[in-house]
Amino acid sequence: MSLTAIRLAFAFFVLGILLGSSAAISLDGHGYEFTVAISEDAMDIADDQRLPFLNALRATLTSTSKMLFDATDNILYLQKVNILVPSSWISILSGVTPTSKHNYLNADMRIETTKNSNDPESLIESARSYSSKMCGQPGEYIIAPPQFFLDVNGATVAKYGDKAKVILHEFAHYRYGVHDEHGIPETYIDLGAKFPYTFLNPRGEWQLTGSNDSKIEGSYQNSMGGSCTYPNTPTETGDLSCRFIPDMTATTGPSSSLMFMPFLPTVSKFSDEKNHDRAAPNKQNYWCRNRSTKTVIKKNPDFNNLSPLANTTTTTPQFNYLVRASQAIYIVLDASNHTLPDNTVFNYIKTEIAQRMIPQLAANSPRSFVGIATMGGSVVTSNGRLGGYLTEIQSPVLVSTNEPILVNKLNGLTRSAGQGLLLEKAILDVGDILTEFTHLSGSIALLVKLNDITGVQQMNVECEATHLLNSRSARLVTFEFGSNNVLSRSTLMSGGTHFPADSTNYQTVFSSVINKALELVQESRYQNRRIQLVRDQFTTLASTPFRGFYTVDFMPSVIELHFFVPVSRTGDYEIYVNNTNGMTYTLSSSEHSQLYLSWDRKYKVHTFRLTPVSNAVTATYSVHTLGTDMAGYVEAIEVLGNTVPVYIGGGGQPKNRVVEVEVYTNGNSGLLNMAAVNEETSFLVYASVRKGFTVSRALRSAVAMIHGPTGNTDNISLRDDGLYPDLLEKDGIYSGFYRPPTTPSNGDYRISVRLDGYRRTNPLAPFKYSSSRSMPIDQTEDPSFNEGGSSTSFQRWYPYVAKLQVQAANFYEEKPLRIMDFRIDYSNPVNDQVTFHWTAPQNSYGKNDSVASYRLAYSSYPSDIIDDKGTIPTSAVVIMASDIIGGTLTPVTPYEAQTVTVRMPRVGPSPPTIYFTISSRSTTGFESYAAPMVYLTGSEPPPITTTTVPSTVTTTRTSTVTSTMPTSSTSMQTTRTTTTTPTTVPRTTSATTPLPSGAQRIGVSFYFNSLFSLLLIRAFAL
C-alpha cells in the first residue's frame, strides 16, 4: 500500500517537525543496508516479549531478503540490517553500538507503538508504506506495529498472509516507487472513482481490477461467510460487503503479482510486460503510465550494471543492534581578536574544555556526541553549511571513543581568525550541523563569544537563527565576555542559559558554564518544547492595521509573542493581543515587557507572555499606528508545559497530538540530476500535515521557500488538489513544483515551509478516498481508523527543513503536464464514430499558456501506443486531420474541456479491441507522457507469432457477465454506448503483449483489495 493517498505518519516528537533528511537505505553492490527503528515509546511490547519480537523481526526480514532476491531475478537482497532499539532495551542485548547516523527520523522502517497509556483504544495491526512522489521515485518510509511481527497465535499470518511478503510489497512501494494493482471496494467508475473494484475489460466482460498470470481459486463471500454477488455498477443488484476470498490452501495459482495479491502462497513475482494487465484501472497503470511494476522497478538506478548472482548466493542479512546517542554538544569558540586582542581568556577556556569538560562527558555521558568549531573573521566561506562561516569544523563524534581526538583538536586551536564576528552566520552553521541530531533528547550549542559582533548590516533579526536551533531541538548555552551583551535574548528564546562575564570573573563564570552543560546532558527525556507558530514580516497602516492569529495546541502552555518595531518609532503605535478567553492586552499590560534590542540594533522587541486558559482555540493580535506606515516582524512561539506528554514515534488519536509536518523532495538520496533519463526529473516539494491519525484536508495556504545556492529565495505554493504534482486530492500531502534557474546549473537548495490553517465548519465531513494500506485476506476494514478530526486552526514555520542537491538544471526538459482525465465519451458503431474528452493541459507548470499540439494514438496492441518509458512511440499510428469529424485537436486554453470526434471504422465479423492514448507537445518541442489508456471493447487481438498468458481474472457469474456485444470503456469512466461493428487495426510492430485470453478466466471473480488497499480510512480535517 503505497501511501500516496494518506500518510497517517505518527509523531516523532511533540515539536511537530520531521526534518526531510534522506533515508538511511544504501546499496553496496547487490546488497542493501536497511535500517529499522523501534519507537522509544513502544510500551505495548512487554518486557518478556522484547526478545521474541526481535527474533520475529529478524526472521521476517531474513525471509524478505530471500524473496526480494527471487523477485528481482537474483540481483538484489538485504545484506545488512541495522535495528535501532530503545535505550531501555540495552540491558537485554549485547554488542549494542551508539549511533548518530541512524535514527527514527531517517529509518527505512519504523516500528511504532499503536497503543499506550494515552491511547489505550488505538491498535493498528497492518504494515504500510508512505510515498507522496511520482512513479519510480523512492518513498518516505515503511511503518509497522510490533504486533504484526509477534504474530500471536498466528493472528498476523491468518489475517494478512506471509509477513515477509507483506514487507516485500511495502519495500517495493518504498524503494522503487511502484503502486498497487488492485481496486478499491464499493467504488465505481460510473461515480467518478479512479480505481474501481471491478471494471469492464477490453473484451466487454466484468472482472476484478488486478494483475495476475493464471487462475485464482476462491469464492465470493459476504461478511458472514455466505455466498453473495458483488454489484459491478451503482444500479446493479448485489451486496456491497461481498468480497472475493481466495482459496489459501490451493497448491496451484498465479506467480504474480506481489503488488496485487502478495498473500497468495503461490505469488512470488512482480508483474512484467508478459502478464501485466495494462487495461486495469489501478494505481500502477494510472500513475506509472500503463506499465508493469517490473518495468518500472528495473529502471531504478539500483539495477544499473548488475548481473544476476548464482542461486546459491547467501541472502541472510547481517544484523546489528544500535541505540541512539545521548545529547549532542557542539562547542564553538570565538577565535577573532578585534576587541579582545589578549589570548589569556581564550587559552583558559579551551584548556578547561579539554581538561575538564571532555573527560567528564566521556565518563558520565559516554553515548554523547561532541563537536568543535571556531568562529571569527569577516569573510563568509564555502564550508557547505547554511552560514558558510565556521572554521576548524570537527563534526560531532562519540565522546567515549574519541576523547583523545577532541582534546587534541582543542589544544591545537589558535586565534587566527582576524577581525570581525558574524554571529548570525555562526549560529546558522551550528543549527545546520545539529540537524542530524534533531531526534536526540535535546542538543546543546555552547557558544563562547569573546568579541563584539560586526557586519550588522549583513544580518537579519536574530529570530531566523534562533528558530533554526529551536527546530533542531537544541538549546543555547552562551558565555559572553565584555559589556556588549547581545546573546541573552536568543539564549532564553531557545530555552537555554546565558552567562555574561568580564575580566574579573570569567574563570568562575566559565566553571558555571561547564556545570550547566554537564547538567543538561543528564536530562534523559528533554525535548524541545518550543513550537514555532509563525515568523512574519508586517506592515501596518493608519487606515489598515496589521492582523494575525495564533493557536494553542496543548495545555498547560505559554504563548510568547515578539513584535520587532523600529527603534525610531516612539509612542505613535499600539499592539493588541487577545488571549484565548477573550482578554485583550496592550503595551501597558503587565503581560508585556520590552527588554531587548535586535542584534542589528534596528528594532526594539515587545514581548507578550500569555497563559492560555483553553486549548484548540485560536486567538488574534493586531498592530496599529497613528503615524506613518510602520514595518517590522512578529513571531509567535508556544512553550509547552512540563506535564505535556512528549512522544518519540508512535501513533495516537488527534486529541493527544499536536500538528506534525514532514517535508520531502524528490530525487534519490538527496540528489536530483535534472538531465537524467529517469521517471521524474522535476524539482518537487512535498509537505505532509497531520495530527495523530488524522490529516489536514484543508489549509488556507501552504508555501515552500526555496533558498538557492546564490542566496536567492523563491516562494512556491504547495497544493493538495490532486493536480500535478499532487497525487491525490485532500490526502494531507501538499505538493509543489519549482523551476530552478539554469545558472548555476549545479547547486544545493534548502527548503523552508510556512503553513496557515483555518477552522473548518464541518471537521467530520467524510474523507474522500483514502489510500491503500495493508488489508487482511478477508478484506475487512480496521475500525481504529474511523476517528474524528480536529477543527483547530494553526500556523507553522519550519526553517531549512529539507535540502536537495541539484545537477544539470540547464539540461532540464520540462514536459507539458500529463493529461490525466482522458476518456471516451461516446461511440457509435453504426457510423463508426468515437468522441474523446480531456482537459487541456498547461504548456509548462504554473503558466496559463496552451500546448502546441496533440498526438492521439491508437492500436489493437497497448505496447504500440505506450512504450516502456510511458511515452507514445514515434512509430505509433495517430489520428490524422482527415479522421476528425467534430471538435478539434487544436489545443485550447489550459483547464478548458476539450473534445474531438473521429471516424474509427471497424469491419469484419469480430471487431478487435482498440486502445487509445493522447499526449501533448510543448511550444519548446518536448512531448508529455502518455495519458492513461482507454479502449473500445472488442474481441481478442489479431493472432501474432508470440503469445503470452493473460493477466487478470474475470467473472462468469450470470449476474455480472456482460453481453458479448462489444462496448467502449475507459480506465477513467465507463462509456455510455455499446458498439457492434467489427474490424481490425494494422499492427505496427512485431512484438507486443496480447490481452488476457478466455483461457485465464475463472468461475468467480476474485477480490483483493490486497493485503494492502483501501481501508477507506475516515481521516478528517485538522
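What you see is a predicted model, and the numbers here were worked out from it, not measured in a lab.

1. Here's the deal with the pairing of strand S8 (residues 141-144)
Consecutive side chains along a regular strand alternate between the two faces of the sheet.
In step 1: Burial of the side chains of S8 extends over both faces: Tyr 141 and Ile 143 are buried on one face and Ile 142 and Ala 144 on the other.
In step 2: Where strand S6 (residues 109-111) lies against S8, three bridges are found, and the strand directions are parallel. Residue pairing across strands places Arg 110 opposite Ile 143, the latter belonging to S8.
In step 3: Here strand S7 (residues 128-130) pairs with S8 via three bridges, running antiparallel. Counted as the bridge partner of Ser 129 is Ile 142 from S8.

2. Some details on the pairing of strand S13 (residues 318-324)
In step 1: A large share of S13 lies buried, amounting to six of its seven residues.
In step 2: Where strand S4 (residues 77-85) meets S13, six bridges bridge the pair, whose relative direction is parallel. Bridging from a neighbouring strand, Asn 82 pairs with Asn 320 of S13.
In step 3: In the sheet, strand S5 (residues 97-99) pairs with S13 via three bridges, with the strands oriented parallel. Directly across from Thr 97, in S13, lies its bridge partner Leu 322.

3. A closer look at the sheet that holds strand S34 (residues 713-717)
In step 1: If you trace the five strands from one edge of the open sheet to the other, you get S30-S37-S36-S33-S34, paired in mixed fashion. Looking along the sheet, the strands with just one partner apiece sit at the ends: strand S30 (671-673) and S34. Strand-to-strand twist in this sheet, taken as the mean axis angle between neighbours without regard to direction, amounts to 30°.
In step 2: Of the strand pairs in this sheet, strand S33 (residues 701-707) and strand S36 (residues 747-756) are connected by seven bridges, and their pairing is antiparallel. From the neighbouring strand, Val 703 faces S36, where its bridge partner is Arg 754.

4. A look at helix H7 (residues 344-364)
Each full turn of the α-helix corresponds to 3.6 residues, which orients residues three or four apart in the same direction.
In step 1: Between the first and last C-alpha of H7 there are 29 Å, a value that for 21 residues agrees with the 30 Å anticipated at 1.5 Å per step.
In step 2: Maximal helix bending in H7 amounts to about 35°, located at Ile 353.
In step 3: For H7, the complete set of buried residues consists of Val 345, Phe 346, Ile 349, Lys 350, Glu 352, Ile 353, Ala 354, Met 357, Ile 358, Leu 361 and Ala 362.
In step 4: Structurally, H7 contributes buried residues whose contacts are with strand S14 (328-334), strand S15 (369-375), helix H8 (399-411), strand S17 (443-449), strand S18 (474-481) and helix H12 (506-521).

5. A short note on the sheet that holds strand S24 (residues 584-585)
In step 1: Read across the open sheet, the four strands follow the order S21-S27-S23-S24; overall the sheet is antiparallel. Each having just a single partner strand, strand S21 (546-552) and S24 make up the two edges of the open sheet.
In step 2: Sheet analysis places strand S23 (residues 573-578) next to strand S27 (residues 617-625), joined by five bridges and oriented antiparallel. By the bridge assignment for S27, Val 577 is matched with Tyr 621.

6. Some points on unusual backbone geometry
In step 1: Residue Ser 257 is bonded to the preceding Ser 256 through a cis peptide linkage, with omega at 15°.
In step 2: The residue Ser 257 is located in the loop between strand S12 (243-246) and helix H5 (283-287) in this model.
In step 3: Residue Tyr 724 is joined to Pro 725 through a cis peptide bond whose omega torsion reads 5°.
In step 4: If you trace the backbone, Pro 725 turns up in the loop between S34 and strand S35 (733-738).
In step 5: Even without being glycine, Glu 186 reaches a positive phi, approximately 65°.
In step 6: Structurally, Glu 186 is set in the loop between helix H4 (163-176) and strand S9 (198-200).
In step 7: Positive phi is not limited to glycine here, since Asn 305 has a value of about 60°.

7. Considering the state of the cysteines
In step 1: All chains considered together, the criterion is met by two disulfides.
In step 2: At a sulfur-sulfur separation of 2.1 Å, the disulfide partner of Cys 135 is Cys 288. Between Cys 135 and Cys 288 the disulfide shows an S-S torsion of about 110°. By sign, it is right-handed. With Cys 135 in the loop between S7 and S8 and Cys 288 in the loop between H5 and helix H6 (293-298), the pair connects residues that are 153 residues apart, well separated along the chain.
In step 3: We classify Cys 135 as buried; its relative accessible area is 4%.
In step 4: Linked covalently through their sulfurs, Cys 228 and Cys 242 form a disulfide whose S-S length is 2.0 Å. Taking the sign of the S-S torsion, about 80° here, the bridge from Cys 228 to Cys 242 comes out right-handed. Of this pair, Cys 228 sits in the loop between strand S11 (218-221) and S12 while Cys 242 sits in the loop between S11 and S12, placing them 14 residues apart in sequence. As far as the burial class goes, Cys 228 and Cys 242 line up, both buried.
In step 5: Cysteines bonded in the protein are numbered consecutively along the chain; their disulfide partners then correspond to 1-4, 2-3.

8. Regarding the confidence of the model for the protein
In step 1: Summary statistics for the protein give a mean pLDDT of 81 and a share of 80% for residues scoring 70 or more.
In step 2: The low-confidence segment residues 1-18 (pLDDT under 50) makes 129 contacts with residues lying over four places distant or belonging to another chain.
In step 3: Overall, residues 650-654 carries pLDDT values under 50, and its contacts beyond four positions in sequence, including any with other chains, amount to 29 contacts.

Rules of the game
Residues numbered from 1 in each chain as written. Predicted model: local features only at pLDDT ≥ 70, side-chain atom pairs only at ≥ 80, totals over all residues. Heavy atoms only, no water. Buried < 20%, exposed > 50% of the residue type's maximum accessible area, 1.4 Å probe, protein only. Helix = DSSP H or I, 4+ residues; strand = E, 2+ residues; numbered from the N terminus. Pairing = 2+ DSSP bridges. Axes fitted to C-alpha atoms, helices over the stretch in contact; angles between N-to-C directions. Expected span 1.5 Å × (residues − 1). Bend = angle between axes of the 7 residues up to and from the residue. Contact = heavy atoms within 4.5 Å. Disulfide = S-S within 2.5 Å. pLDDT = per-residue confidence, 0-100.

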